[in-house]
Amino acid sequence: WMDDDIVSDITPKLLGNRPNTYIYTKALAESVVQQEASKLNIAIVRPSIVGASWKEPFPGWIDNFNGPSGIFIAAGKGILRTMRATNDAVADLIPVDVVINATLAAAWYSGVHR
């Protein structure tokens, strides 16, 4: 309902010291969870960059080409030949099956231990 100029004007003020709107919206969600925490069993799982599976359902499984999988496939097929990067960058990837197993374990733990 806001025009682009208003959004452009207020976005830096809303973000504060956060680098982007993704981080900002995560902070908003965490704030709501924190406010409601006394009424809920809570487990927060915040994986880094989720990549293809390690073991389950089979090694290398992925159901989309978003994120790092798309980059790896494009590079492997020769479509992506160059990419701007820095040697100091860290690609902190975690396999999807590890994330799912950790999420299930966290949910169980938070349900059992109030």
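By the naming in an unreviewed UniProt entry, the protein chain goes by Fatty acyl-CoA reductase and is assigned to Manacus vitellinus. Within the UniProt record for the protein chain, the comment given under Sequence similarities (unreviewed entry) is "Belongs to the fatty acyl-CoA reductase family." Entered under Subcellular location (unreviewed entry) in the UniProt record, the comment concerning the protein chain runs "Peroxisome membrane".

## Considerations on the UniProt feature "domain: Thioester reductase (TE)" (unreviewed entry) in the protein chain
Under the local residue numbering, the UniProt record ascribes the feature "domain: Thioester reductase (TE)" (unreviewed entry) to residues 3–103. Along residues 3–103 the backbone is 46% helical and 6% strand, and the end-to-end C-alpha distance reaches 39 Å.

## Examining helix H4 (residues 96–112)
The end-to-end C-alpha separation of H4 is 24 Å, in line with the 24 Å expected for 17 residues at 1.5 Å each. For H4, the set of buried residues is Val96, Asp97, Val99 and Ser110. On an axial view of H4, the arc spanned by its buried residues comes to 165°, and they lie on one face. Of the residues in H4, the exposed ones pointing more than 90 degrees away from the buried face are Leu104 and Trp108. Where the residues of H4 are buried, they touch strand E1 (49–51) and strand E2 (93–95).

## Quick word on the side chain of aspartate 97
Along the chain, aspartate 97 falls in helix H4. Every residue in contact with aspartate 97, bar those within four places of it in the chain, is listed here: Ser53, Trp54, Lys55 and Glu56.

## Some words on the packing of aromatic side chains
Counted according to the given criterion, the structure contains 1 aromatic pair. Geometry around tryptophan 54 places lysine 55 over its ring, the cationic atom sitting 4.3 Å from the centre.

## A short note on a negative patch on the surface
A surface patch of like charges, here negative, comprises Asp3, Asp4, Asp5 and Asp9. Here aspartate 5 is to be found in helix H1 (residues 4–15).

## Some details on the domain arrangement of the protein chain
Each assigned domain of the protein chain is listed here: domain 1 (1–39) and domain 2 (41–113). Taking only C-alpha atoms, the centre of domain 1 and the centre of domain 2 are 25 Å apart.

What counts and how
Residues numbered from 1 in each chain as written. Predicted model: local features only at pLDDT ≥ 70, side-chain atom pairs only at ≥ 80, totals over all residues. Heavy atoms only, no water. UniProt positions renumbered as here; feature names shortened; annotations may be inferred. Helix = DSSP H or I, 4+ residues; strand = E, 2+ residues; numbered from the N terminus. Expected span 1.5 Å × (residues − 1). Buried < 20%, exposed > 50% of the residue type's maximum accessible area, 1.4 Å probe, protein only. Arc of directions from axis to C-beta. Contact = heavy atoms within 4.5 Å. Phe/Tyr/Trp six-rings, centres within 6.5 Å; stacked < 30°, edge-to-face > 60°. Lys NZ or Arg CZ within 6 Å of the ring centre and 35° of its normal. Patch = residues over 30% accessible without salt bridge, like charges linked within 9 Å, V, L, I, M, F, W, Y side chains within 5 Å. Areas by Shrake-Rupley, 256 points an atom, 1.4 Å probe, with all protein chains shown as cover. Salt bridge = Lys/Arg side-chain N within 4 Å of Asp/Glu carboxyl O. Lys, Arg positive; Asp, Glu negative; His and termini not counted. Charge placed at Lys NZ, Arg CZ, Asp CG, Glu CD. Domains from an automatic or database assignment.

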